[in-house]
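Topology and contacts: notes
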Amino acid sequence: MDKRKIEEKIFKYLMISSTAAIIGTLALIIGSVIVKGAAEVSVNTFINDDVALFPGEEHGILHAIIGSLYLAINSTVISFLISFPVAIYSVEYMKKKSLSPALTISIETLMGVPSIVFGMFGLFVFVLVLTRGFTLLAGTLTLALLELPLMERGIEEVVRMVPVSLKEASYALGATTFETIKNIVLKQALPGIVTVSLISFGRGIGEAAPVMLTAGFNPFPPASLLEPAASLPLAVYTYLSAPGQQGKAYASAFTLTIIVLIISLISRYVSKRFTRYVSR
Amino acid sequence: MKSKCSRENKRKLENKLFKASSLTLTLISFFTVIMIFTILLVQSKPLIMKKPLSEFLTVEWAPHLGKYGLATFMASTLFTTAIAMAISIPPCILTAIYLAEFSTPKVKEYAKSMIDLLAGIPSVVYGLWGVIFIVPIVRDRVAPPISEALGFIPVFSAQNNSGYSVIASGMVLAIMVTPIIVSVSYEVITYVPFEYREASLALGSTKWEAVKKVVLREAAPGIAAAVVLGFCRAFGETMAVLMVAGCVAKTPTSIFDPCYPLTALIANNYGEMLSIPEWVAALSVAGLILMLIVLVFNVVARIVVIRTAGE
């Protein structure tokens, strides 16, 4: 056979096997975490705290689940409240085209900052100055900052895709920019915004390093914003190295993986299902 | 008439208020990076003012004695990252080429959503998987035969073989950087105009030759940028590395030695450091190093990607 054909064949096999290897590894990771975790999960896992109240009662990870949900939901909401106006401003209001790349670069740079550095920032500003202790509030604010660039980029992209003709129609009827944003842009961009928010939520719930430096750890669900809070990723890390508590680590990893998978499925469903109702 | 006028004013006021508040938020987010940088700089001031910068490049880390050499940690970070890149670059680029040029649309769609899924897995889950899967394999299956066969080379000797090692961290990081390298490379490959391939194919080249000689040459800067973005991800990763690196403050000389990357140093010391201002300063310097290296590489890579995609 031709030498060139043989080369093509060899490379094709190499490419197929590396694709298979990557997907196989993914399956292996998810599979082994779920199998290992499922063995440790019981009803008690989800209804009990770290500290068993009665002798013989099984410990659970309820504190970590609740802490994580608080952290991820609140930070996503805060991050949205900041990033939505920013995205809108850069698309709809910004007149000088020269400023837009500067903002883009600044946001992209923020996206590249390692999460532990966000944690240090949160520690120095939110923990030491604002709340004077490891608190749910400090963790939430740090996560919100971390999600900010991701969300801003995502929303900006979605908002940019809103057809100009629709906006022009709104302006032609005498609407102000704000009214056009409220009535046209927001509605058209909604499925995309929901997808972006879900992705940010997934990122927020999985982050461990910044939360470790700001929210601390708490064997009970936090009762107020000014209490430390446990979170699922940190529970995995903490319990894995605690003697006799590995079961809780596996259960936390199991729960976290399931949450992330569900979020990813929902976000895909939303972006597929609802874009149909948006005119392009 | 009057009420109409006031409604008009209200609409304009609303618009102005929204514009003003979004401008404020935009400015705040614009300066966030600078703010983070400034805070770290201020925190590291007690040490930077007192000691020459070369002091941080020594290997002695003894915060209680006032010795803050970061060389061990920098070496660990570079060593693990280099191994991660060496493991992941070839399969990632081959996969990106396969998905962009050779695969059927259906395979492409499934593989891409799988790789997106891989990107969404929290780093602590990778770390856990490293502890229950990679570490035992390195300890029992990989280290003994390799150190027996090649142990005379220092890089392959397994002196204190616990499995928590440079190679284990490298392997976990290699998987973590896969999604970003594959997806960015895939994107830049698909941006190469179709006519280029056609021209090559019309000259009688095979499909692989067209890819190798035309498409890859055109996409090379973008692929390099993808690799750099992967490097940044590995360089700044904390949790997974913290869990599998072993965290022994000794410069690793073999791939089976435990190591102690910069990120793990910060994560392990943040609690104790708060009692000593100089300790805080030393860790802030570590944070600054991480941030600066990652940011420079990141910005360059992003600009390259935007340029390649823009053309």
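**Some remarks on unusual backbone geometry**
The backbone of Arg-132 of chain A shows a phi angle near 50°, a positive value even though the residue is not glycine. Along the chain, the position of Arg-132 of chain A falls in the loop between helix 5 (115–131) and helix 6 (136–160). Within the chain, Cys-247 of chain B stands out as a residue other than glycine whose phi angle is a positive 55°. Following the sequence through the fold, Cys-247 of chain B ends up in the loop between helix 9 (239–244) and helix 10 (262–273).

**Observations concerning a positive patch on the surface**
On the surface, Lys-5, Lys-9 and Lys-12 of chain A together with Lys-207 of chain B cluster together into a positively charged patch. Lys-9 of chain A sits in the partly exposed class, given a relative accessible area of 45%.

**Some details on the domain arrangement of chain A**
Residues and elements named next belong to chain A. Domain annotation of chain A identifies domain 1 (3–39) and domain 2 (62–277). Distance between the C-alpha centres of domain 1 and domain 2: 32 Å. The interface is formed by six residues belonging to domain 1 together with six residues belonging to domain 2. Interface of domain 1 and domain 2: buried area, both sides summed, is about 520 Å²; carbon and sulfur atoms make up 88% of it.

**A closer look at a nonpolar patch on the surface**
Together, Leu-69, Ile-73, Val-77 and Leu-81 of chain A make up a nonpolar patch on the protein surface, roughly 340 Å² of accessible area in all. Locating Leu-81 of chain A in the fold gives a position in helix 3 (residues 62–93).

**Some words on the packing of helix 1 (residues 3–38) of chain A against helix 5 (residues 123–150) of chain B**
As a packed pair, helix 1 of chain A and helix 5 of chain B sit with axes 10 Å apart at the nearest point and diverge in direction by 80°. Viewed along their axes, helix 1 of chain A and helix 5 of chain B adopt a mutual orientation that is roughly perpendicular. Seen from helix 1 of chain A, the contacting residues are Thr-25, Leu-28, Ile-29, Ser-32, Val-33 and Lys-36 of chain A; seen from helix 5 of chain B, they are Val-125, Tyr-126, Leu-128, Trp-129, Ile-132 and Phe-133 of chain B. Split into classes, the residues belonging to the contact of helix 1 of chain A with helix 5 of chain B amount to nine nonpolar, two polar and one charged.

**Structural notes on the layout of surface pockets**
By volume, the second largest pocket amounts to about 230 Å³. Residue lining of the second largest pocket: 14 residues in total, with Thr-25 of chain A together with Ile-87, Ala-174, Ile-175 and Thr-178 of chain B positioned closest to the centre. Listed by contribution, the elements that provide at least two residues to the lining of the second largest pocket are helix 1 of chain A together with helix 3 (71–102) and helix 6 (166–190) of chain B.

**Examining the interface of chain A and chain B**
With 77 residues of chain A at the interface, the matching set in chain B holds 79 residues. Interface of chain A and chain B: buried area, both sides summed, is about 7000 Å²; carbon and sulfur atoms make up 79% of it. The three residues of chain A that bury the most area against chain B are Met-15, Ile-22 and Phe-124 of chain A, which together make up 9% of that side's buried surface. At the junction of chain A with chain B, the criterion picks out four salt bridges. Our count for the contact surface shared by chain A and chain B stands at 16 residue pairs in polar contact (both at pLDDT 80 or more). Examining the composition of the side of chain A that touches chain B, we find that 20 residues originate from one element, helix 1 of chain A, more than from any other.

Scoring rules and cut-offs
Residues numbered from 1 in each chain as written. Chains lettered and ligands numbered in written order. Predicted model: local features only at pLDDT ≥ 70, side-chain atom pairs only at ≥ 80, totals over all residues. Heavy atoms only, no water. Helix = DSSP H or I, 4+ residues; strand = E, 2+ residues; numbered from the N terminus. Patch = residues over 30% accessible without salt bridge, like charges linked within 9 Å, V, L, I, M, F, W, Y side chains within 5 Å. Areas by Shrake-Rupley, 256 points an atom, 1.4 Å probe, with all protein chains shown as cover. Salt bridge = Lys/Arg side-chain N within 4 Å of Asp/Glu carboxyl O. Lys, Arg positive; Asp, Glu negative; His and termini not counted. Charge placed at Lys NZ, Arg CZ, Asp CG, Glu CD. Buried < 20%, exposed > 50% of the residue type's maximum accessible area, 1.4 Å probe, protein only. Domains from an automatic or database assignment. Contact = heavy atoms within 4.5 Å. Buried area = accessible area lost by both parts, 1.4 Å probe. Axes fitted to C-alpha atoms, helices over the stretch in contact; angles between N-to-C directions. Parallel < 35°, antiparallel > 145°, perpendicular 65-115°, else oblique. Nonpolar A, V, L, I, M, F, W, Y, C, P; charged D, E, K, R; others polar. 1 Å grid on protein atoms, 1.4 Å probe; cavity = no way out; pocket = protein on both sides within 12 Å on 5 of 7 lines; lining within 4 Å. Points joined across faces, edges and corners; volume = space filled by probe spheres on them. Polar contact = N/O pair within 3.5 Å; in protein donor to acceptor, adjacent residues only side chain to side chain.

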